[in-house]
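Structural overview
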Amino acid sequence: MFDLSPGEDLELLVDTARSFAQDELAPRVRDAESAREVDAEVRAAFRQIGFAGLELPEALGGAALGPVARALVNEELAAADAGAALALDPLGPAQYALAELGGEEALKEFALPLLDADGARALLVTRSECRLHDASSDRVTGRVPWVPADRVDLLVVLAPDGAFAIREGIEVETLRGSGLRAAGASELRFDGAPVAARWTGAAPATRALARARLYVSGLLVGTLRQAAEFSRSYALERTAFGRPIAHHQALAFLLVDMYAAVDGARLLLHEAAWRAERGSGGEALAASAFVEAVEVSRFVGPNGVQVLGGHGFMQDYPVEKYMRESRALGLVLGGVDAAIEEAGRALCAEEAPVSLSFAEGP
Amino acid sequence: MEFNIDKAMRERLEETRERGRREIRPIGLEADRLGRPIPPDDPYFAMLIARGEGRSRWPGPAGRPKTAGTGGANKSSARATRSVVMHLLLAEESAYWDRGVGVANPGPGMPEPNVISMGTDEQKERFLSRFLEPDKPRWACFAMTEPGAGSDVAGIRTLARKDGDGWILNGAKCFIGNASRSDWILVWATVDPEAGRAGHRAFVVEHGTPGLGGFKIEKKMGLKAYESTSFTLEDCRVPAGNLLGGEERYQSRAGFKSAMGTFNAGRPMIAANSVGIGRAALDEALTFARDHDLLGDPRVRDRLEQSARKLRQARLLYLRAGWMVDAGKPNVLEASMSKAIAATIAADVTALGMEMLGGVGARGDHLIEKLYRDVKAMDIVEGTGQIQRVIMGRHLVQLPRD
Ligand SMILES: Cc1cc2nc3c(=O)[nH]c(=O)nc-3n(C[C@H](O)[C@H](O)[C@H](O)COP(=O)(O)OP(=O)(O)OC[C@H]3O[C@@H](n4cnc5c(N)ncnc54)[C@H](O)[C@@H]3O)c2cc1C
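What counts and what doesn't
- Residues numbered from 1 in each chain as written.
- Chains lettered and ligands numbered in written order.
- Predicted model: local features only at pLDDT ≥ 70, side-chain atom pairs only at ≥ 80, totals over all residues.
- Heavy atoms only, no water.
- Helix = DSSP H or I, 4+ residues; strand = E, 2+ residues; numbered from the N terminus.
- Buried < 20%, exposed > 50% of the residue type's maximum accessible area, 1.4 Å probe, protein only.
- Contact = heavy atoms within 4.5 Å.
- Salt bridge = Lys/Arg side-chain N within 4 Å of Asp/Glu carboxyl O.
- Polar contact = N/O pair within 3.5 Å; in protein donor to acceptor, adjacent residues only side chain to side chain.
- Near = heavy atom within 4 Å.
- Areas by Shrake-Rupley, 256 points an atom, 1.4 Å probe, with all protein chains shown as cover.
- Nonpolar A, V, L, I, M, F, W, Y, C, P; charged D, E, K, R; others polar.
- Domains from an automatic or database assignment.
- Pairing = 2+ DSSP bridges.

**Observations regarding the overall build of chain A**
For chain A, the helix and strand inventory stands at 11 helices and 10 strands. Dimensions of chain A, computed from C-alpha atoms along their principal axes, come out at roughly 70 × 55 × 40 Å. Relative to its full complement of 362 residues, chain A shows a buried share of 58%. Residue pairs in contact within chain A that sit at least 24 positions apart in sequence constitute 77% of those at least 6 positions apart.

**A word on the interface of chain A and chain B**
How big an interface is tends to be reported as the loss of accessible area on association of its parts. Each side of the interface is counted separately: chain A has 48 residues, and chain B has 43 residues. For the pair chain A and chain B, the number of links is 8 salt bridges. One salt bridge in this structure joins B:K310 and A:E295, with 3.4 Å as the shortest N-O distance. Here chain A is connected to chain B by 15 residue pairs in polar contact (both at pLDDT 80 or more).

**Comments concerning the side chain of A:E320**
Residues and elements named next belong to chain A. With respect to the helices and strands, the residue E320 is situated in helix 10 (residues 319–329). Residue class for E320 comes out buried when judged on its relative accessible area of 9%. Among the polar contacts listed, one links the side chain of E320 to the side chain of R30, at a separation of 2.8 Å. If near-sequence neighbours (up to four positions away) are discounted, E320 is found in contact with R30, V305, G312, F313, M314 and Q315.

**Some details on the site of the ligand**
Near the ligand, the surroundings consist of 18 residues, among which A:Q249, B:T145, B:S151, B:T384 and B:Q386 are the closest. Chain contributions to the surroundings of the ligand come from chains A and B. Between the ligand and the protein, one listed contact pairs an oxygen atom with a side-chain N or O atom of B:S151 at 2.6 Å. In the model, an oxygen atom of the ligand is placed 2.6 Å from a nitrogen or oxygen of the B:T384 side chain. Protein contact buries 67% of the 980 Å² of open area that the ligand shows by itself. Mapped by element, the contributors of at least two residues to the shell around the ligand are strand 2 (139–143), strand 4 (166–177) and helix 12 (385–397) of chain B. The biggest single contributor to the shell around the ligand is strand 4 of chain B, with 3 residues. Here the residues of the shell around the ligand are counted per class, giving 9 nonpolar, 8 polar and 1 charged. Viewed by domain, the shell around the ligand spans two of them, domain 2 (140–252) and domain 3 (255–396) of chain B, each represented by three or more residues.

**Focus on the pairing of strand 6 (residues 200–206) of chain B**
All names here are of chain B. Burial of strand 6 is extensive: 6 of the 7 residues sit out of reach of the surface. Inspection of the sheet shows strand 5 (residues 182–190) paired to strand 6 by 7 bridges, in the antiparallel sense. Bridging across to strand 6, L186 finds its partner in V204.

**Considerations on the domain arrangement of chain B**
According to the domain assignment, chain B consists of domain 1 (7–109), domain 2 (140–252) and domain 3 (255–396). Using only C-alpha atoms to locate each centre, domain 2 of chain B and domain 3 of chain B end up separated by 30 Å.

**Here's the deal with the pairing of strand 3 (residues 131–134) of chain A**
Residue and element names in this part refer to chain A. Where strand 3 and strand 4 (residues 139–147) come together, 3 bridges link them in antiparallel fashion. Each bridged residue has a counterpart across the sheet, and for R131 the counterpart in strand 4 is R143. Where strand 3 hands over to strand 4, the hairpin turn is made up of 4 residues, counted between the paired strands.

**A look at the pattern of salt bridges**
All names here are of chain B. By the definition in use, this model includes 69 salt bridges over all chains. Close ionic contact of K7 with E11 constitutes a salt bridge, the shortest N to O distance being 3.2 Å. Residue K7 and its partner E11 are located together in helix 1 (residues 7–34), separated by 4 residues, close to a single helical turn. Look at E11 and you get partly exposed, because its relative accessible area is 45%. R126 is the salt-bridge partner of E122, the closest N and O atoms lying 2.5 Å from each other. Taken together, the residues E122 and R126, both in helix 6 (residues 121–128) and 4 residues apart, mark about one turn of the helix.

Structure below.
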C-alpha cells in the first residue's frame, strides 16, 4: 500500500505552515536577505508554534512527526523563503545524524539545548564538503568552504560510516553568499577544535543522509513551486504583441512544463518520504528524490527569470532569488553527484526485472 | 492518494508477467521480425478467447443472468473489483512485454467507452452483445484521424449526408488500429465541415457494408504486432439506427465531448504503456551492462539511475491521474501531464539504453532497438505531446482555443 494523501492531521499542519510562511516570511523576504537573519518576532512565533521540535521524540517534548510531515512543512516554508526556513530551524538536518547514530541520548545532549536558544543553529555537513587534515583524532583541523549560516552552535560532520560533533573552536568567517542569505553564509575554520562526540555505524549514517536529503528536497520543491507559480501569474498579466505572454504557445508550453516538473519532483519526494517513514530500505529513493529536485531546479530556476524577461533579472521581483536559492540548495550535503552515485549503485545491485516499485515495499 | 495493491492485485500482476514472458514477448518479437501484424486467425487470439479474454465491459442487457458459463462468472466478478489504478498497472506490465500485442488483442477496444456512454440500449445490445461471449476473436475500432486532420479533430472532412432513412458517408480515414479485421468501425464524420466540432457525428459502420473498403495496412516503424490501417468510405450507406446515440444526442456539444472523454480516459493508459516499454529498456540496459562488466563505469551507472528515477516519476504521474478517476475527481490536467511526460521519459530511456549497448543496439536484432522504435508512437497517439501541452495550457494559463 502506498499512500500520498496527507490525512487530516497533516493537512492542519500544512495549513499552519502555509499561514506562517505567507503571513510572516513572505512580506519580509528581502529584509531577511539583507539583514542575513530572520526578524526576532518571527523567530519567536516559529518556536511558539512548535516547528523547532517537529521531528523530536515526544519524550523530549517534540511533535514526533516524520519525513512526510517534514516534506510538507518545508515545502510551505520555502515557498515563502527557503533561507529563512533554514535560519529558523535550530536543528535542521543535523538532528538526523544525532538521532540515527546517537539516539535519544545524543538528542538530549546536543539538540535540546539549542531548542530554546534564540537564533541557535546546528549544521550538518558531509565529510566530502570539508577540507580536514585529520578527522580521526579527538581534535580537528581544517575548514568548510561554505555553510548557509552566520552562527554555528553545533556542527555535525557526517561520513559514510559515522559522524562526529564539534561545539567549540569553530571560527566563523562570513561570506557574501549566493543564495539562502537569510540564513547567512560563512566559511568555517578549525584549528584543533575538540571533538565533542563520535559515533560509528554505516547503516544509521546512510539513513541520516537520506533524511537530510529529504529535508533539503522539501525546501527545493517549495522554492521551485513558487518560482513556477510566480512566473505563471506574471505571464497572465504581462502583455506583448497584443495578448498575455502566457497565451503565446512557446511560453504556455514552458510554463506547463515547469509546473509538471515541480509536480514530478514532489511526487518522487513524497514517495521517498513515505518509504522513509516506514523504516529503512528507502535510502536510494531519497537520493533519487534529491537528484530530481536538483535537476528540476536547473530547469525551473533560470526559466522563472526568463518568463519575466529583463524584469526577472531585477531584484524588484523574487524570481532571481528563487534561481539563486534553488541553485544553492542543490549544493549542500556533498551535492548531487554523490546522490546520483548512491542511487545508481543501489540500482546496479538489482536484478532485472527491476520493479521500481513501492508496491513491493514493506 | 492511496494505492492499495492487495494480494489479488499482486497475483494478477504476477499472472500478466508470466503470460508476458511466455506468450506476449515471443509473439511480439516474431511480428516485428516478420514486419507484419499478427494475423486475425493466429491461434494466439483463439486461445485468448477460449481463456475468457476479449470481452466487453458492458454488463449486458438488463436482467441478463450474471452466470453465463463458469469462465464468464469468474471474469465478471474480477471486473467488478477492477479499479482504474489496477487497470493501469496491468497495462504497464503488459506493455513491458509488448505494447503492440496488447493493442492487437481482440475485443471491443477503443470505441467501447463511446458505445457504453453514448449508445442507446438497443445499440449497446446490437454492437456489444457479440462481445459478451464471443464465439471467435472479434475486434472493433475507433476511426477519427484522416489524412488531412489528426490533432485538429475539428478539421475532419468525412461527410455524412442524410438520405431517406439512412446516411451516406464519404471520406477517408487513416492509421486506424485493427480496422480491416474489425466487426464494426466507429467512424467519426461531419454533417457540416464549417460547423467544426458541432457538426461531428459518430456512426457504427459494420464490416462488409458496401462502400467501406480500400483497406491498406500501413508499414510502421514499430508496434508491428497490430495493424494501423487506412480505408475509404465511398457512398457508404449506413442505417439511421447506426448513428450512435440517435440524433437528439447531437443537439448539444455532447457528441464531441464524448469523443474527447475517450481520449481523456486513455491518456493515463498511454502513460502506463510508456512506463512499461521504458522499464523493459531499463532492464535490457542493466542486464547488458552487468553481462559486459560495464557497471563499474560511472557514466553507465548515471544513465541507469536517471532512467529508473524518471520512470518512477512517470509511474507516479499516471497513478495519480488514474487514482483521480477512481476517486471521482476531474483529472484532465493530470491525465495530460502523465501522458506528455511519460511518453518522452520512456523515449529517453530507450535512447539511453541504445547508447549503453552501443553497436549492439545498431545491429537491429536486439530488443532495445525494437523498444526504441515502438516507444516513439507514445508521444503521438491519443493527442501528441504538443496537444497535451495545449490542454494543460488551457487549464493553467487559460490558453485560448485559437
Ligand atoms: C501507431 C498509431 C496508431 C494510431 N491509431 C489510431 C486509431 O486507432 N484511431 C485514430 O483515429 N487515430 C489513430 N492514430 C492517429 C493519431 O491519433 C494521430 O496521428 C495524431 O493525433 C496526430 O495527428 P497527425 O498525425 O495528423 O499529426 P498533425 O496533427 O498533423 O501534427 C503534426 C505536428 O504538429 C503538431 N501540432 C498540431 N497542432 C498543434 C498545435 N495546436 N500546437 C502545437 N503543435 C501542434 C503536432 O504535435 C505534431 O508534432 C494513430 C497513430 C499512430 C502513429
